Amino acid sequence: MTIDSTALATLEKQAIELPSWAFGNSGTRFKVFGTPGTPRTIQEKLSDAAKVHELTRLAPKVALHIPWDKVDDYAALRDYAANLDVTLGTVNSNTFQDDIYKFGSLTHTDAAIRQKAIDHHFECIDIMSETGSRDLKIWLADGTNYPGQGDIRGRQDRLAESLEQIYARLGDDQRLVLEYKFFEPAFYHTDVPDWGTSYAQVSALGDKALVCLDTGHHAPGTNIEFIVAQLLRLGKLGSFDFNSRFYADDDLIVGAADPFQLFRILYEVVRGGGLDDDSPVAFMLDQCHNVEDKIPGQIRSVLNVQEMTARALLVDRDALSAAQNAGDVLGANAILMDAFYTDVRSDLAAWRESRGLPADPMAAYAASGYQEQIAADRVGGQQAGWGA
Ligand code: AOS
Ligand code: ZN
Ligand code: ZN
């Protein structure tokens, strides 16, 4: 099987947004290891992200996190990014690191604290207008640790009211995506635990509110591609946070833990029109690199997404439907597996070269001297998050 020209045209348009925080140092609660060359500023994070894009042409946008990436002049930051040949993407809000949010933010029982959280989102929307960003991504750490600790129904009602105010503030071309997560940092219940809750909340808001699916935010064994298919069918899949996990919200390199799952997800994306020109789906990475170098970590991830997209595009959909309609269980399964087992790496390498890109972006990065340069130039790089 080879990748045909229609598939290549789709692949050529593929864009995967990088999270600014992936370039900072991160770790577990046991230790955050420093990595030489870690960015000290958002400008340095943009420069690292631009390197990923330069070598792959897959990552034209960088997502910001407020307040981690706060600056005085967002128009200047937008220009700075443009000079590096990238643009500023999704703005991620943060209502999880201030003491006042200990018992919740948009769901809090205290109206003054809810208002503070709403105001933070207003600030994010104002920033989006300056950066030219379309999407506001809301991930809430809100939840409880013990049965009875909170009124889970009341919290849901307050969340709806808070989201309504935030939604009303969006400009015509702006959107809100609500990310769900079934546990952590709260361990008994979270206020947006699953796609159904996110779907219910965003549906009550309107067309500019959609669901964000983080691939690491489901219970083990969850059929994520089914959720992808359902949300695409409902027109409510707004964005992906791609990463991979072995156990919990591991935030590992995309496709590292389970390439087959990534293939299955991307097949449903293809099947559901998620790569079409008018698709509402934004593709983003949400990763933390604890022990590996960050820039090649991001390169590996976007290449893995590209590779599994190419394999998903290889599925003979007509033959698959025929087999499905004929009740040919093993035939249908074989058609899907044939595409999954096709090694597209050399085809993709040749295609990259034909477009003036390195055949092997990982090797090109290693040979570029960029890592050595930033290690020498940057001293005292930041932890992902709190350093900005
Ligand atoms: C948290 O678990 C979510 O995945 C968020 O999307 C994201 O990682 C966070 O906003 C970055 O701190
Ligand atoms: Zn996420
Ligand atoms: Zn997460």
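The residue numbers shown here count from 1 along each chain, following its written sequence. All chains are assigned letters beginning at A, and all ligands numbers beginning at 1, according to the order in which they are written. Local features are withheld for residues below a pLDDT of 70 in this predicted model, meaning they are given only at 70 or higher, and side-chain atom pairs are given and counted only at 80 or more; totals for whole chains, interfaces and linings count all residues.

1. Quick notes on the overall build of the chain
The criterion, for reference: Under the scheme used here, helices are H or I runs from DSSP no shorter than 4 residues and strands are E runs no shorter than 2 residues, and both carry numbers assigned from the N terminus. We compute the radius of gyration over the C-alpha atoms and compare it with the globule rule, which gives 2.2 Å times the number of residues raised to the power 0.38. Exposure classification rests on a simple neighbour count of other C-beta atoms within 10 Å of a residue's own: a residue reaching 20 or more is buried, one at 12 or fewer is exposed, and one in between is partly exposed. C-beta atoms are placed from the backbone. Note on contacts: each residue gets a C-beta atom placed from the backbone, and two residues are in contact if those atoms are within 7 Å.
Scanning the chain from terminus to terminus reveals 14 helices and 10 strands. Rg of the C-alpha trace for the chain: 21 Å, near the compact-globule value of 21 Å for 388 residues, within the 12% margin. Each principal axis of the C-alpha atoms in the chain carries an extent, and together these give about 60 × 60 × 40 Å. In the chain, which comprises 388 residues, the proportion classed as buried is 46%. Contacts in the chain between residues far apart in sequence, at least 24 positions, make up 78% of those at least 6 positions apart.

2. Remarks on helix H3 (residues 74–83)
The following threshold applies: Here the arc refers to the directions that run from the helix axis out to each C-beta atom.
Regarding H3, the residues found buried are Tyr-74, Leu-77 and Ala-81. Here the buried residues of H3 occupy an arc of 50° about the axis, which is enough to place them on one side. In H3, the exposed positions that point more than 90 degrees away from the buried face belong to Ala-75, Ala-76, Asp-79, Ala-82 and Asn-83. The inward-facing, buried residues of H3 contact helix H2 (42–56), strand E2 (61–65), strand E3 (87–92) and helix H4 (111–131).

3. Description of unusual backbone geometry
The omega torsion across Ile-66 and Pro-67 is 20°, close enough to zero to call that bond cis. If you trace the backbone, Pro-67 turns up in the loop between E2 and H3. Omega for the peptide link from Glu-184 to Pro-185 comes to 5°, which places this bond in the cis form. One non-glycine residue, Arg-57, adopts positive backbone phi at about 55°.

4. Some words on the sheet that holds strand E4 (residues 135–139)
The cut-off we apply is this: Two strands qualify as a pair provided that DSSP identifies no fewer than 2 bridges between them.
Pairing in this open sheet of 8 strands is parallel, and the strands run E1-E2-E3-E4-E6-E8-E9-E10 from one edge to the other. Each of the sheet's edge strands pairs with one partner strand only, and the pair in question is strand E1 (18–19) and strand E10 (282–285). Where E3 lies against E4, 2 bridges are found, and the strand directions are parallel. Considered in E4, the bridge of Val-91 is made with Leu-136.

5. Some words on the pairing of E4
For the record, the criterion: When the strands point away from the viewer, a crossover counts as right-handed if the route from the first strand across the helix to the second turns clockwise.
Across the 5 residues that make up E4, a large majority, 5, are buried. Residue alternation in E4 divides its side chains into two sets, Asp-135, Lys-137 and Trp-139 and Leu-136 and Ile-138, and both sets are buried. In the classification by handedness, the crossover that spans E3, the intervening H4 and the parallel E4 is right-handed.

6. Quick notes on the pairing of strand E6 (residues 175–179)
Of all 5 residues in E6, 5 are buried, a share of seventy percent or more. Inspection of the sheet shows E4 paired to E6 by 5 bridges, in the parallel sense. Across the sheet, residue Trp-139 finds its bridge partner in E6, namely Glu-179.

7. What about the nonpolar core?
Formally: The term nonpolar core refers to a set of buried Ala, Val, Leu, Ile, Met, Phe, Trp, Tyr and Cys residues connected through C-beta atoms within 7 Å.
Residues Leu-176, Leu-178, Val-211, Leu-213 and Val-228 are the most contacted members of the largest nonpolar core, which totals 92 residues. The element contributing the most residues to this core is helix H9 (residues 294–314), with 10 residues. Excluding residues within four positions of it along the chain, Leu-178 makes contact with Ile-138, Val-192, Ser-198, Gln-201, Val-202, Ala-209, Val-211 and Cys-212.

8. Quick word on the environment of Thr-144
Checked against the element boundaries, Thr-144 lands in strand E5 (residues 143–144). Along the primary structure Thr-144 and Val-86 are separated by 58 residues, whereas in three dimensions their C-alpha atoms are 39 Å apart. Setting aside anything within four residues of it in sequence, one finds Thr-144 in contact with Gln-149, Gly-150, Ala-186, Tyr-188 and His-189.

9. A word on the packing of helix H8 (residues 259–271) against H9
Operational definition: Helix axes are fitted to C-alpha atoms over the stretch in contact, other axes to C-alpha atoms as well, and angles between N-to-C directions run from 0 to 180 degrees. For this classification, under 35 degrees means roughly parallel, over 145 means roughly antiparallel, 65 to 115 means roughly perpendicular, and everything else is oblique. For a crossing to be left-handed, the near helix must be turned anticlockwise from the far one by less than a right angle; the clockwise case is right-handed. All residues other than Ala, Val, Leu, Ile, Met, Phe, Trp, Tyr, Cys, Pro, Asp, Glu, Lys and Arg, Gly among them, are scored as polar; the first ten of these are nonpolar and the last four charged.
Two numbers describe how H8 lies on H9: the axes approach to 8 Å, and their chain directions differ by 60°. Judged on the interaxial angle alone, H9 and H8 are oblique. Where H8 crosses over H9, the two elements pack in a sense that is right-handed. Each of Pro-259, Leu-262, Phe-263, Leu-266, Tyr-267 and Val-270 in H8 lies in contact with H9, whose residues at this interface are Asn-304, Met-308, Thr-309, Arg-311, Ala-312 and Leu-313. Here the residues of the contact of H8 with H9 are counted per class, giving 9 nonpolar, 2 polar and 1 charged.

10. Observations regarding the packing of helix H7 (residues 224–233) against H8
Their axes nearest at 9 Å, the elements H7 and H8 cross at an angle of 15°. Relative to H8, the element H7 is oriented roughly parallel. H7 and H8 meet at a crossing whose hand is right-handed. Contact residues: H7 offers Ile-224, Glu-225, Val-228 and Ala-229, while H8 offers Gln-261, Arg-264, Ile-265, Glu-268 and Val-269. A per-class count over the contact of H7 with H8 returns 5 nonpolar, 1 polar and 3 charged.

11. Points about the environment of Asp-99
Within the secondary structure, Asp-99 sits in the loop between E3 and H4. On the basis of neighbour count, Asp-99 is assigned to the exposed category, with 5 C-beta atoms found within 10 Å. Along the primary structure Asp-99 and Ser-5 are separated by 94 residues, whereas in three dimensions their C-alpha atoms are 54 Å apart.

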